[in-house]
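Chain by chain, the residues:
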Amino acid sequence: MQQILTLQAKEGMVLAKDVMTAENRVLCGKGTPLTASLIERFLKMDIVQVTVEGHPISSPGEKTLPEELHDIEARFSEVQKVPPLVYLMKRIMKNLAESRGQ
Amino acid sequence: MEDAKRQEFRNALRQTKNLPTLPGIVSKLTKMADDPDTTTEQMGKVIGQDYILAAKLLKLVNSAFYGFPQRISSISSAIILLGFNVVKSLIISASIFEVMEDQDVELWQHSLGCAVVCNVIATRMGVKDPEEVSTAGLIHDIGKIAIKMELPSEYEMITRLVRERKMSMRAAEMEVLGLDHAEAGGWLAKGWNLPKKLLEPVSCHHDPRLASTEQLNSAIIHFSDIVIRGLGYGHAGDNKVPMLSKRAWELLNFRPADIDEILEQVEEKLWDVKGFSLEIKAEETSSTVG
């Protein structure tokens, strides 16, 4: 999932998190596909950010998935002989790949 | 390392001339809590006198960081709903937040993330008052701030070793100072009169065996530090996942399925606390301007 500006939202993107009002009430539940009128409504209500499924917007300077995976491996480089930590590393990598829609 | 030199560093870190002190309100409240005649109203009143602290406390209580299910709008309801110990940890968190956020944003992010993992694990393991464990997670690296502020030229040497020789921060501290940030953090916590439940996890987060009574809490901080470094959230001086303590792993006894669930909950929560700050002043200014 990815947190994006409502201004970047496009029709067809799917909400990965509930959109809440300022009073903490659910305005639109997760799983809802965005429509032009929904996006317009969010903007009118000053909801500046939404969280959507996948990773539809790539920002400048953002690392690619292989770069990120390489970084994770580097962070775990000194504990490659510790089975629970190797499991943790693989799981973090898998989750990241999934969150990028792969 | 010469003993005299080591002693000199010890003294500098023990005196902590440059570090802000915890607000006097913390020790005042601790005294009040020990007195069985103290009422919730009296305590709420003392906290309420410091309105900035009270506002920060409520912001913290209602943030995704602690994630209490219902919205809490007053200090006295916070005390009734959460209990005094929790509120006291929250006050300590709110005060230390400021020190850390000002000094080193990346380290603060790491600490905040670590506290989130602590909360998930402590809740999962059914630890009483998981918020205390979160607070310990939040302050576990406070010794790094103490070294940075009290011994700036040695700190410079430490960061150079980390950069040039790819050492871990802790190994570099041992080489330059003959002591590490966990030990320094323990002294600081002691100077602030923090309870053992917070002090031991700070001083023993790299080796929970050293803790006399708080081995489990120390083990939770130890593993949370590993998880948050693995996720690459924030920056704690070096980017290496530290070695897993055997004792910590015995105490936690997680199966792969536990790790999967912990990661899932942590990632969800981290998403919510991203960018979370207690900087109330900035918000006030921007809302007056806007």
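Keep in mind the model is a prediction, meaning the values are calculated, not measured.

(A) Expanded view of the overall build of chain B. Along chain B, the regular secondary structure elements total 17 helices and 0 strands. By the compact-globule yardstick of 19 Å for 290 residues, chain B fits well, its C-alpha radius of gyration being 19 Å. Considered along the principal axes of its C-alpha atoms, chain B spans approximately 55 × 45 × 45 Å. Split into buried and exposed, the 290 residues of chain B put 45% on the buried side.

(B) Structural detail: the overall build of chain A. The secondary structure content of chain A amounts to 3 helices and 4 strands. Scanning chain A from its N terminus toward the C terminus, one meets helices and strands in the order β-β-β-α-β-α-α. Viewed in the frame of its principal axes, chain A has a C-alpha envelope of about 55 × 30 × 20 Å. Each of the 102 residues in chain A was classed as buried or not, and the buried ones make up 15%. Counting only contacts in chain A whose residues sit at least 6 apart along the sequence, the fraction spanning at least 24 positions is 62%.

(C) Fine view of the environment of L15(A). Residues and elements named next belong to chain A. Position of L15 relative to the elements: it lies in the loop between β1 (2-5) and β2 (19-20). Assessed through the 20 C-beta atoms surrounding it within 10 Å, L15 is described here as buried. Here the alpha-carbon distance between L15 and V50, two residues 35 residues apart in the chain, equals 7.4 Å. For L15, the residues in contact, after removing those within four places along its chain, are C28, K30, G31, T32, L34, V50, T51 and V52.

(D) Main features of the environment of E214(B). All names here are of chain B. Examined against the element boundaries, E214 turns out to sit in the loop between α13 (196-203) and α14 (215-231). On the basis of neighbour count, E214 is assigned to the buried category, with 24 C-beta atoms found within 10 Å. Put simply, E214 and K196 are 18 residues apart on the chain and 7.6 Å apart in space, counted from C-alpha to C-alpha. Aside from chain neighbours lying at most four places away, what touches E214 is K196, K197, E200 and P201.

(E) Representation of helix α7 (residues 105-124) of chain B within the structure. All names here are of chain B. With 20 residues, α7 extends 29 Å between its outermost C-alpha atoms, agreeing within 8% with the 28 Å of an ideal straight helix rising 1.5 Å per residue. Burial analysis of α7 places 16 of its 20 residues in the buried class, which makes it a mostly covered element. Remark: G126 follows α7 within two positions and exhibits a positive phi of approximately 70 degrees.

(F) Just the pairing of strand β4 (residues 49-52) of chain A, in detail. Residues and elements named next belong to chain A. The alternating pattern of β4 places V50 and V52 on a buried face and Q49 and T51 on a face that is not buried. Sheet topology note: the β1/β4 ladder contains 4 bridges and is antiparallel. Paired with L5 across the bridge in β4 is Q49.

(G) Main features of the packing of helix α8 (residues 130-139) of chain B against α14(B). All names here are of chain B. Between α8 and α14, whose axes approach to 10 Å, the crossing angle comes to 50 degrees. Taken together, the axes of α8 and α14 lie oblique to each other. Two packed elements cross with a definite hand, and for α8 against α14 that hand is right-handed. For the pair formed by α8 and α14, the contact residues are V133, A136 and G137 on the first element and N217, I220, I221 and S224 on the second. Taken together, the residues that form the contact of α8 with α14 break down as 4 nonpolar, 3 polar and no charged.

(H) Highlighting the nonpolar core. Formed by 83 residues in total, the largest nonpolar core has its most connected members in L57(B), V117(B) and C118(B). Considering each element in turn, this core owes the most residues, 11 residues, to α7(B). Setting aside its immediate chain neighbours within four residues, C118(B) contacts V133(B), S134(B), A136(B), G137(B), I220(B), I221(B) and S224(B). Counting 8 residues, the second-largest nonpolar core is a separate cluster that includes A9(A), L15(A), V19(A) and L34(A).

(I) Representation of the packing of helix α2 (residues 24-34) of chain B against helix α6 (residues 84-103) of chain B. All names here are of chain B. Packing of α2 against α6 brings their axes to within 10 Å, and their N-to-C directions diverge by 170 degrees. Between α2 and α6, the crossing angle belongs to the class labelled roughly antiparallel. Packed against α2, whose contacting residues are I25, V26, L29, T30 and A33, the element α6 presents F84, K88, I91 and I92 at the interface. Looking at the contact of α2 with α6 residue by residue, the class counts come to 7 nonpolar, 1 polar and 1 charged.

(J) Quick look at helix α16 (residues 256-273) of chain B. Here α16(B) spans 26 Å end to end across 18 residues, near enough to the 26 Å set by a 1.5 Å rise per residue. All of the buried residues in α16(B) are I262(B), L263(B), V266(B) and L270(B). What you see down the axis of α16(B) is that its buried residues fit within an arc of 105 degrees, all on one side. Buried residues in α16(B) make contact with α3 (83-99) of chain A together with α7 and α14 of chain B.

(K) Structural view of unusual backbone geometry. Residues and elements named next belong to chain A. Despite not being glycine, D46 has its phi angle at roughly 65 degrees, a positive value. Assignment of secondary structure puts D46 in the loop between α1 (36-44) and β4. On the basis of neighbour counts, which here come to 9 C-beta atoms within 10 Å, the residue D46 falls in the exposed class.

(L) Just the confidence of the model for chain B, in detail. Summary statistics for chain B give a mean pLDDT of 84 and a share of 90% for residues scoring 70 or more. Across residues 280-290 of chain B, where pLDDT falls below 50, the model places 4 contacts with residues more than four positions away in sequence or in other chains.

What counts, and at which threshold
Residues numbered from 1 in each chain as written. Chains lettered and ligands numbered in written order. Predicted model: local features only at pLDDT ≥ 70, side-chain atom pairs only at ≥ 80, totals over all residues. Helix = DSSP H or I, 4+ residues; strand = E, 2+ residues; numbered from the N terminus. Rg over C-alpha atoms; globule rule 2.2 N^0.38 Å. Buried ≥ 20, exposed ≤ 12 C-beta atoms within 10 Å, placed from the backbone. Contact = placed C-beta atoms within 7 Å. Expected span 1.5 Å × (residues − 1). Pairing = 2+ DSSP bridges. Axes fitted to C-alpha atoms, helices over the stretch in contact; angles between N-to-C directions. Parallel < 35°, antiparallel > 145°, perpendicular 65-115°, else oblique. Left-handed = near helix turned anticlockwise from the far one by under 90°. Nonpolar A, V, L, I, M, F, W, Y, C, P; charged D, E, K, R; others polar. Core = buried A, V, L, I, M, F, W, Y, C linked by C-beta atoms within 7 Å. Arc of directions from axis to C-beta. pLDDT = per-residue confidence, 0-100.

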